[in-house]
Amino acid sequence: QDTDDTERIRHAITNVDASAGLSQRHLTRVYRYHMAHIGNVKDAEDLTSQTFMAVLEGIRSFRGSGSFAAWIMGIASKKRLMFFRKNGGRPEIPLDAALHYPSPDLPTDKAASRRLELESVSRALQQISPDRADAIILTFFGGLSNAETGRVLNKSEAAVKMLVSRGLQDL
């Protein structure tokens, strides 16, 4: 758990401005996650907004037993599942669209390198099993560690490593 997040979380429980700052810190990973699953800007933006509204409403329920990023991505995952239920299932989407959201914390050369890595993964991501794709999306698009991805998917860190490894082999 990042000490900055711990302090920000404590402060965010009673301060709306601190909540906004904390949310901003995780905006890119949540947006990319939704873009990778949904495939269009409007719905990804809506789901990102819904995710952070739920974060603000539920911040008092965060207990600190895992990372704040994994907690937020768990909320994002629930919002995504509700979206698919409401809209009749998983759409056929071009996942490359998720890569076009800039990453403000990376220098240009690192951002370009990361984009190339993600593009090579995303081309075939729709062709593999959904559980492997989810593990890869949370890890590569969401920027979560294997342990954090495991918390979101309710799987062990070892299971996530296996899903990611086998998913990358499939790709």
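Worth saying up front: this structure is predicted, and the values here are computed from it rather than measured. (Residues numbered from 1 in each chain as written. Predicted model: local features only at pLDDT ≥ 70, side-chain atom pairs only at ≥ 80, totals over all residues. Heavy atoms only, no water.)

Scanning the protein from N- to C-terminus turns up eight helices and zero strands. Relative to its 171 residues, the protein shows a buried fraction of 44%. Summed over its atoms, the accessible surface of the protein is roughly 9300 Å², and 50% of this surface lies on carbon and sulfur atoms. (Helix = DSSP H or I, 4+ residues; strand = E, 2+ residues; numbered from the N terminus. Buried < 20%, exposed > 50% of the residue type's maximum accessible area, 1.4 Å probe, protein only. Areas by Shrake-Rupley, 256 points an atom, 1.4 Å probe, with all protein chains shown as cover.)

This part takes up the packing of aromatic side chains. If you walk through the whole model with that rule in mind, you get two aromatic pairs. An angle of 65 degrees between the planes, with centres 5.8 Å apart, marks the rings of phenylalanine 83 and phenylalanine 84 as edge-to-face. A relative accessible area of 16% places phenylalanine 83 in the buried class. (Phe/Tyr/Trp six-rings, centres within 6.5 Å; stacked < 30°, edge-to-face > 60°.)

Below, the discussion takes up helix α8 (residues 157-170). With 14 residues, α8 extends 20 Å between its outermost C-alpha atoms, agreeing within 8% with the 20 Å of an ideal straight helix rising 1.5 Å per residue. Among all positions of α8, only Val160, Leu163, Val164 and Gly167 are buried. The buried residues of α8 all sit within an arc of 95 degrees when viewed along its axis, so they share a single face. Facing away from the buried side of α8 by over 90 degrees, the exposed positions are Ala158 and Gln169. Those residues of α8 hidden inside the fold are in contact with α6 (130-141) and α7 (146-153). (Expected span 1.5 Å × (residues − 1). Arc of directions from axis to C-beta. Contact = heavy atoms within 4.5 Å.)

Take unusual backbone geometry next. Even without glycine at this site, asparagine 154 takes up a positive phi of about 55 degrees. Relative to the elements of secondary structure, asparagine 154 occurs in the loop between α7 and α8.

Let us look at the nonpolar core. Within the largest apolar cluster, 25 residues are counted, with the highest numbers of intra-cluster contacts made by Val55, Phe68, Trp71, Ile72, Met73 and Leu125. The dominant element in this core, judged by the number of residues it contributes, is helix α4 (residues 68-86), at eight residues. Apart from residues lying up to four places away in sequence, isoleucine 72 is in contact with His26, Val30, Thr51, Phe52 and Val55. (Core = buried A, V, L, I, M, F, W, Y, C linked by side-chain atoms within 4.5 Å.)

This paragraph deals with the side chain of threonine 51. When you line up the elements, threonine 51 lands in helix α3 (residues 41-58). What makes threonine 51 buried here is its relative accessible area of 0%. Side-chain polar atoms of threonine 51 contact the side chain of histidine 34, separated by 3.0 Å. Dropping the residues within four chain positions of it, threonine 51 is found in contact with Val30, His34, Ile72, Ile75, Ala76 and Lys79. (Polar contact = N/O pair within 3.5 Å; in protein donor to acceptor, adjacent residues only side chain to side chain.)

Once that is clear, we can look at the packing of α4 against α7. Where α4 meets α7, the axes come as close as 9 Å, and the angle between the chain directions of the two elements is 40 degrees. In terms of crossing hand, the pair formed by α4 and α7 is right-handed. On the side of α4, the interface is formed by Ala69, Ala70, Met73, Gly74 and Ser77, while α7 contributes Glu148, Arg151 and Val152. Here the residues of the contact of α4 with α7 sort into four nonpolar, two polar and two charged. (Axes fitted to C-alpha atoms, helices over the stretch in contact; angles between N-to-C directions. Left-handed = near helix turned anticlockwise from the far one by under 90°. Nonpolar A, V, L, I, M, F, W, Y, C, P; charged D, E, K, R; others polar.)

A few words on the confidence of the model for the protein. Model confidence for the protein is summarised by a mean pLDDT of 76, while 66% of its residues fall at 70 or above. The weakest mean pLDDT in the protein belongs to helix α1 (residues 3-12) at 60; the strongest belongs to α8 at 93. Here residues 92-96 scores under 50 on pLDDT; set against residues more than four positions off or in separate chains, the count is 18 contacts. (pLDDT = per-residue confidence, 0-100.)

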